[in-house]
Structure formats: C-alpha cells, structure tokens
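Results of the structural survey
Below, each chain spelled out in residue letters.
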Amino acid sequence: MSHQTINPESLPKPSGFAHGILAGNTVFLGGQTALDKNMNIVPGGIVEQFTQAFTNVLTTLREAGGQPEDLVNVTIYLTDVDDYMANGREIGRIWREMAGSQYPAMAGIGVTRLWQKEALIEIQGIAVIPER
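Keep in mind that this is a model prediction, so the values were computed, not measured.

The rules we used
Residues numbered from 1 in each chain as written. Predicted model: local features only at pLDDT ≥ 70, side-chain atom pairs only at ≥ 80, totals over all residues. Heavy atoms only, no water. Salt bridge = Lys/Arg side-chain N within 4 Å of Asp/Glu carboxyl O. Helix = DSSP H or I, 4+ residues; strand = E, 2+ residues; numbered from the N terminus. Buried < 20%, exposed > 50% of the residue type's maximum accessible area, 1.4 Å probe, protein only. Pairing = 2+ DSSP bridges. Polar contact = N/O pair within 3.5 Å; in protein donor to acceptor, adjacent residues only side chain to side chain. Contact = heavy atoms within 4.5 Å. Axes fitted to C-alpha atoms, helices over the stretch in contact; angles between N-to-C directions.

**What about the pattern of salt bridges?**
Taken as a whole, this structure holds two salt bridges when the rule is applied. Ionic pairing is found between R93 and E90, a salt bridge with its closest N-O pair at 2.4 Å. Placement of both R93 and E90 in helix α3 (residues 88-99) is noted, with a separation of three residues, approximately one turn of the helix. Among the residues examined, R93 registers a relative accessible area of 34% and is labelled partly exposed. Among the salt bridges present, the one from E97 reaches R93, with a minimum N-O distance of 2.2 Å. Residue E97 and its partner R93 are located together in helix α3, separated by four residues, close to a single helical turn.

**Considering unusual backbone geometry**
Unlike most non-glycine residues, M39 shows phi in positive territory, near 70°. Within the fold, M39 resides in the loop between β3 (26-32) and α1 (46-63). With relative accessibility at 48%, the residue M39 sits in the partly exposed group.

**Looking at the pairing of strand β2 (residues 20-23)**
Examined bridge by bridge, strand β1 (residues 3-6) and β2 share four bridges and lie antiparallel to one another. Residue pairing in the sheet places T5 in a bridge with I21 of β2. In this sheet, β3 lies alongside β2 in antiparallel orientation, the contact comprising four bridges. Across the sheet, the residue bridging to L22 is V27, located in β3. Where β2 folds back on β3, the antiparallel hairpin that results is connected by two residues, among which G24 adopts a positive phi of roughly 65°.

**Side note on the side chain of Q49**
With respect to the helices and strands, the residue Q49 is situated in helix α1. Looking at Q49, the relative accessible area reads 2%, which means it is buried. Here L120 takes part through its backbone nitrogen, which lies 2.7 Å from a polar atom of the side chain of Q49. Beyond its immediate chain neighbours, meaning those up to four positions away, Q49 contacts A34, I41, V42, G44, E118, A119, L120 and I121.

**Thoughts on the sheet that holds strand β4 (residues 71-78)**
An order of β1-β2-β3-β6-β4-β5 is seen for the six strands of this open sheet, with the pairing classed as mixed. Edge positions in the sheet fall to β1 and β5 (105-110), since each of these pairs with one other strand and no more. Strand-to-strand twist in this sheet, taken as the mean axis angle between neighbours without regard to direction, amounts to 10°. In this fold α1 packs onto β1, β2, β3, β4 and β6 (121-128), with an angle of close to 30° to the strand it touches most, β6.

Structure below.
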C-alpha cells in the first residue's frame, strides 16, 4: 500500500519526521506539541498548550481530508498529569468546541520530558476517513 506524507504549510516545517501519513483511508498523526508557526511553544500553561497542540493535530488531519469526528485514537503525553487533571473541565470544553462531543479511544501518559523543554503536552492520533 502506498502512502502520502502530510505536512501542512501552516505548521512548522518538519525535520526528520512527518506531521502525518495518509495510508489508504487511515491518517497517522505525528505527535504535536504547542509549537506555533515560528517554532516557539505558545505562552501560558497546560490549557493554552493543549489548545495549540490539538490545533496542530487537527490542521494535519484536515490537510489529509479528514475531520475531527474521524479520530479513532488519541494519545496525550503530559509532563504534569496533575496539572492536566486540575484543568480537565476547561480542556474538555475546548475539546468539544474544536472536535465535538464524540470522543475517540484515548490514553494519557505521564512523561518526565518532551522534545522541547518548555512543552507540557504532546498529542498524537490516528484517524480513519470514511468515503464522503
């Protein structure tokens, strides 16, 4: 099966990885931190970083022809699980604004550090795009 690399121009140019890979009707979404187009982690805390990281994931998904409801699996890596949980209501509200109330299979994993030292969160996912 052939596959297509998905690297939206609105996201930072990847080096040594792809933002996404479309294989058939499945999109494998590479891990996204809260980098803006200038390669800076957005200011603020976990809520702001979640918003930017998830925006980056959805940008790649849309570039591949998918929609948020096509997400079937999301993994969230966190440097501070307690902080994420303390802000869970706000993060949930933002998720619903951005992706609706249909949730994919999900996992949250605590880690000691992410690629960028300032990053608090990294989100990766898998989506299956139905024929429309």
